[in-house]
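Descriptive analysis of the structure
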Amino acid sequence: AGQLEDDPGLRVAAAWILAMTGEADRARRLMCGFDPSTLDGLDPPDRAASPRSSAALVRALLAAGGAHQMRDDAREAARLEGMNPGPWQALCRLALGVAEMLCGDDSAAGEALELAARRTEAWDDAVDLAALGELSLLAGDAGRWDEAAEYAFEAARRAAARPAGDYLTTAAARLARDRLA
């Protein structure tokens, strides 16, 4: 474990791998107390705008500090990514949208989720499916059933056009569609 703590880039990469392989608790522990300034001067990882945005995003997705910390981390990641055309910007917006929902700001959540849904369709990475599902649930919770149906059916249309399978990111879209049935 000492090697991970001594190498900030490796620490963030390990947190991502742990999070994506079902070991979120280990990833949270690894990122606990992490100082993002230790990443200054490192090259950006895989099409991300900066190492700091990658660290902020993984912290947001792990939500170890609760909804408000998740929102702060997602805002920081989105700010650092800016309008970077890569897939990370959309994932930042998805994390921000979910965090805003959890914090009770449905308007801000809708804005972030709309951007995530628009920015990712070309990447074929299922982030748009998750964003559309969350938008559908958000609209349904507000009693806007026609809008909820539009989001759910758009998610289903996109999912049918690509091999999204049973990705976890399609769960919100499936839940929204089932709610509307």
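Read on for a plain summary of the structure.

**Describing the packing of helix α2 (residues 8-20) against helix α4 (residues 51-62)**
- One way to put it is that α2 packs onto α4 with a least axis distance of 10 Å and a crossing angle of 30 degrees. α4 is crossed by α2, and the crossing has left-handed handedness. The segment α2 lies against α4, with V12, A15, W16 and A19 engaging S54, A55, L57, V58, L61 and L62.
- Considered class by class, the residues forming the contact of α2 with α4 number 9 nonpolar, 1 polar and no charged.

**Re the layout of surface pockets**
- The space that makes up the second largest pocket amounts to roughly 170 Å³.
- Around the second largest pocket, the lining residues are R28, M31, C32, R59, L62, A63, A64, G65, G66, Q69, M70 and D73.
- Of all the secondary-structure elements, those providing two or more residues to the lining of the second largest pocket are α3 (24-31), α4 and α5 (66-81).
- Class assignment of the residues belonging to the lining of the second largest pocket gives a composition of 6 nonpolar, 3 polar and 3 charged.

**Here we look at the nonpolar core**
- Formed by 38 residues in total, the largest nonpolar core has its most connected members in V12, M31, L57 and L94.
- Counting residues per element, the ones that place at least two in this core are α2, α3, α4, α5, α6 (87-102), α7 (106-120), α8 (127-141) and α9 (145-160).
- Each residue touching V12, except ones within four places of it in the same chain, is listed here: M31, F34, L39, S54 and A55.

**Some remarks on the pattern of salt bridges**
- Summed over all chains, the structure comprises 11 salt bridges.
- Between E100 and R71 there is a salt bridge, and its shortest N-O distance comes to 3.5 Å. Of this pair, E100 sits in helix α6 while R71 sits in helix α5, placing them 29 residues apart in sequence.
- With a relative accessible area of 3%, E100 lands in the buried category.
- Between R157 and E154 there is a salt bridge; the shortest N-O distance is 2.6 Å. In this pair, R157 and E154 both sit in helix α9, 3 residues apart, roughly one turn of the helix.
- Owing to a relative accessible area of 23%, E154 belongs among the partly exposed residues under this scheme.
- Because the salt bridges share partners, they merge into one network encompassing D128, E154, R157 and R158.

Reading guide: rules and limits
Residues numbered from 1 in each chain as written. Predicted model: local features only at pLDDT ≥ 70, side-chain atom pairs only at ≥ 80, totals over all residues. Heavy atoms only, no water. Axes fitted to C-alpha atoms, helices over the stretch in contact; angles between N-to-C directions. Helix = DSSP H or I, 4+ residues; strand = E, 2+ residues; numbered from the N terminus. Left-handed = near helix turned anticlockwise from the far one by under 90°. Contact = heavy atoms within 4.5 Å. Nonpolar A, V, L, I, M, F, W, Y, C, P; charged D, E, K, R; others polar. 1 Å grid on protein atoms, 1.4 Å probe; cavity = no way out; pocket = protein on both sides within 12 Å on 5 of 7 lines; lining within 4 Å. Points joined across faces, edges and corners; volume = space filled by probe spheres on them. Core = buried A, V, L, I, M, F, W, Y, C linked by side-chain atoms within 4.5 Å. Buried < 20%, exposed > 50% of the residue type's maximum accessible area, 1.4 Å probe, protein only. Salt bridge = Lys/Arg side-chain N within 4 Å of Asp/Glu carboxyl O.

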